[in-house]
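# Structural overview
Here is what each chain is made of, one letter per residue.
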Amino acid sequence: MECKPIIEGFHTNDKERSCIFLEDVDYLIHSEDEDWLGYGMYFWDNLSNAKYWINKKTKRGVKNEISITKSHIIIDENLDLSDEDIMKTMNELWIEICLKEKKKIESENKKLYYPKNKKIEELTGKKIDYIFEYFEKFKAFKTIKAIGYYPNRKENDFFYKVDLSKGHVTGLAKVIYCVRDSNKVINRKEVYCCE
């Protein structure tokens, strides 16, 4: 029997969609997030971060009953964007796409736009989605891992007198997973609910 790497993932959403997610193993609550990791369902790597997201939704005026689900995420086909070498490769691929598309568009005497009117300075989620569409081999990645930085949060007092001019431990960076394939989400259950 093959052993695959698995992490716990926590997802915050309204109760109605969370119930569908819990009952239907083929269902993912997809986001088309252009700022973050593009198309897929987003998971935090711990319950505390999922509760933080409830507070964010509440401050934005969300009135629905909110649920947090916990699942096991199989990450054997993971694109790890916390890896500096992989980030560098992704950026090189994006620039390559933009330059190829720019040449094609210039040769057709059209306005200077990049892939599907995208520019090199595009939002990360849009870049990821386009790279997945452009390069067939990227369809093999079913999950994406990244680190989110939340500078508006207060640093936890546990990290005493952080010197921002040096590398340091912080509570302001959060691990996020984006899942693009429902087969990578198993053992779904609700762990928290609030109105």
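What comes next concerns the included structure. (Residues numbered from 1 in each chain as written. Predicted model: local features only at pLDDT ≥ 70, side-chain atom pairs only at ≥ 80, totals over all residues. Heavy atoms only, no water.)

## A look at the overall build of the protein
Counting its regular elements, the protein contains 4 helices and 8 strands. Reading the protein from its N terminus to its C terminus gives the helix and strand order β-α-β-β-α-β-β-α-α-β-β-β. Within the protein, the proportion of its 195 residues that are buried is 38%. Counting only contacts in the protein whose residues sit at least 6 apart along the sequence, the fraction spanning at least 24 positions is 76%. Here the protein has roughly 12,200 Å² of accessible surface; of this, 50% comes from carbon and sulfur atoms. (Helix = DSSP H or I, 4+ residues; strand = E, 2+ residues; numbered from the N terminus. Buried < 20%, exposed > 50% of the residue type's maximum accessible area, 1.4 Å probe, protein only. Contact = heavy atoms within 4.5 Å. Areas by Shrake-Rupley, 256 points an atom, 1.4 Å probe, with all protein chains shown as cover.)

## Section: the layout of surface pockets
Estimates place the volume of the largest pocket at around 680 Å³. Looking at the largest pocket, it is lined by 28 residues, and the ones nearest its centre are Asp33, Trp44, Trp53, Lys57 and Arg60. Secondary structure elements with two or more residues in the lining of the largest pocket: β1 (6-14), β2 (31-33), β3 (38-44) and α2 (47-59). Element by element, the count of residues in the lining of the largest pocket is highest for α2, at 6 residues. Residue composition of the lining of the largest pocket, grouped by class: 14 nonpolar, 7 polar and 7 charged. For the second largest pocket, the calculated volume is near 360 Å³. (1 Å grid on protein atoms, 1.4 Å probe; cavity = no way out; pocket = protein on both sides within 12 Å on 5 of 7 lines; lining within 4 Å. Points joined across faces, edges and corners; volume = space filled by probe spheres on them. Nonpolar A, V, L, I, M, F, W, Y, C, P; charged D, E, K, R; others polar.)

## Quick look at the nonpolar core
Membership of the largest hydrophobic core comes to 27 residues, with the highest contact counts inside it found for Leu37, Leu81, Ile131, Phe138 and Ile144. Elements with a minimum of two residues in this core: β3, α2, β4 (66-74), α3 (84-107), α4 (124-134), β6 (143-149) and β7 (173-179). Of the residues forming this core, the biggest block, 5 residues, is contributed by α3. Setting aside residues up to four positions removed in sequence, Leu37 forms contacts with Tyr42, Leu81, Gly125, Ile128, Asp129, Ile144, Ala146, Ile176, Cys178 and Arg180. In this structure, Phe21, Phe43, Tyr177 and Val179 belong to the second largest nonpolar core, which totals 12 residues. (Core = buried A, V, L, I, M, F, W, Y, C linked by side-chain atoms within 4.5 Å.)

## Section: the packing of aromatic side chains
The full count for this structure, using the stated rule, is 13 aromatic pairs. Ring-pair connections join several aromatic residues into one group, and the members of that group are Trp94, Tyr130, Phe132, Tyr134, Phe135, Phe138 and Phe141. Residue placement shows Arg153 over the ring face of Tyr52; its charged tip is 4.0 Å from the ring centre. (Phe/Tyr/Trp six-rings, centres within 6.5 Å; stacked < 30°, edge-to-face > 60°. Lys NZ or Arg CZ within 6 Å of the ring centre and 35° of its normal.)

## Quick word on unusual backbone geometry
Despite not being glycine, Asn187 has its phi angle at roughly 55°, a positive value. Mapped onto the elements of the fold, Asn187 is located in strand β8 (residues 185-194).

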